[in-house]
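Fold and contact review
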Amino acid sequence: MADEMAELHRTGRQVFAERVAGGEARLDTLFAAAPGLAELAVGVVYGHLHARPALDPRMREATALAAIVAAGMVEAPLAVHVRTGLSAGLTPAEISEILVETAAFAGFPRAVSAATTLPDLFTEAGSPVPPEPAPREILLDALAAREHEFAGLDMQVLTIGPGAAIAIFSNPDGSPAGVAHARTEGRS
């Protein structure tokens, strides 16, 4: 069991280091007084959970951010997961929207407390404050101006990565009818 946990911790450190600049040093600082906690937390979250295939990294980080805000954790856990969320492909606009959604279920004081830390984290990431619209928002706005072209079609809009969204259109019988896409500049 100890060997398995040590391997998960090594894997977790590697995943974290790939997602956050200076990640290993940040982990060392964060867990300097509790290396056993580092082994457990990093091993479970970034070693085990991130390897599970049911959620992609964006969805996993969005879920983590919502849970962190709901728990009222506005210091290190929020900062860590904003950074890893951005590196997993969440945009600052999506992170802001996660706070809006979480406020409805976890309370406005917790979401507002979390919101006060976002400007510094977004600035650190090179993003403007307030954030630019998410790719999904841009695509939906563009499609709204042409909604007559898509009348009678079913539409599914998906964010497919940082700065990109796609709309897939299908006929009522389920057959493909077309695709539209939008990209944003940079990591906004």
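Residues numbered from 1 in each chain as written. Predicted model: local features only at pLDDT ≥ 70, side-chain atom pairs only at ≥ 80, totals over all residues. Heavy atoms only, no water.

**Focus on the overall build of the protein**
When you go through the protein residue by residue, the secondary structure sums to nine helices and three strands. Starting at the N terminus and walking to the C terminus, you meet the elements of the protein as α-α-α-α-α-α-α-α-α-β-β-β. Overall, the C-alpha framework of the protein stretches about 60 × 35 × 30 Å when taken along its three principal axes. By the burial criterion, 36% of the 188 residues in the protein qualify as buried. Across the protein, every contact between residues at least 6 apart in sequence was considered, and the portion connecting residues at least 24 apart equals 57%. As displayed, the protein has an accessible area near 10,600 Å², and 60% of this comes from carbon and sulfur atoms. Each charge class in the protein can be summarised by its mean position, and for the 13 positive and 23 negative side chains these summaries are 3 Å apart. (Helix = DSSP H or I, 4+ residues; strand = E, 2+ residues; numbered from the N terminus. Buried < 20%, exposed > 50% of the residue type's maximum accessible area, 1.4 Å probe, protein only. Contact = heavy atoms within 4.5 Å. Areas by Shrake-Rupley, 256 points an atom, 1.4 Å probe, with all protein chains shown as cover. Lys, Arg positive; Asp, Glu negative; His and termini not counted. Charge placed at Lys NZ, Arg CZ, Asp CG, Glu CD.)

**Overview of the pairing of strand β2 (residues 164-170)**
Counting buried positions along β2 yields six of seven residues, so the element is predominantly enclosed. What sits between the antiparallel neighbours strand β1 (residues 154-161) and β2 is a turn of two residues, in which glycine 163 has the positive phi angle 80 degrees. The pairing of β2 with strand β3 (residues 176-183) spans seven bridges and is classified as antiparallel. Across the sheet, the residue bridging to alanine 164 is arginine 183, located in β3. The antiparallel pairing of β2 with β3 creates a hairpin that spans five residues between the two strands, and glycine 174 there sits at a positive phi of about 95 degrees. (Pairing = 2+ DSSP bridges.)

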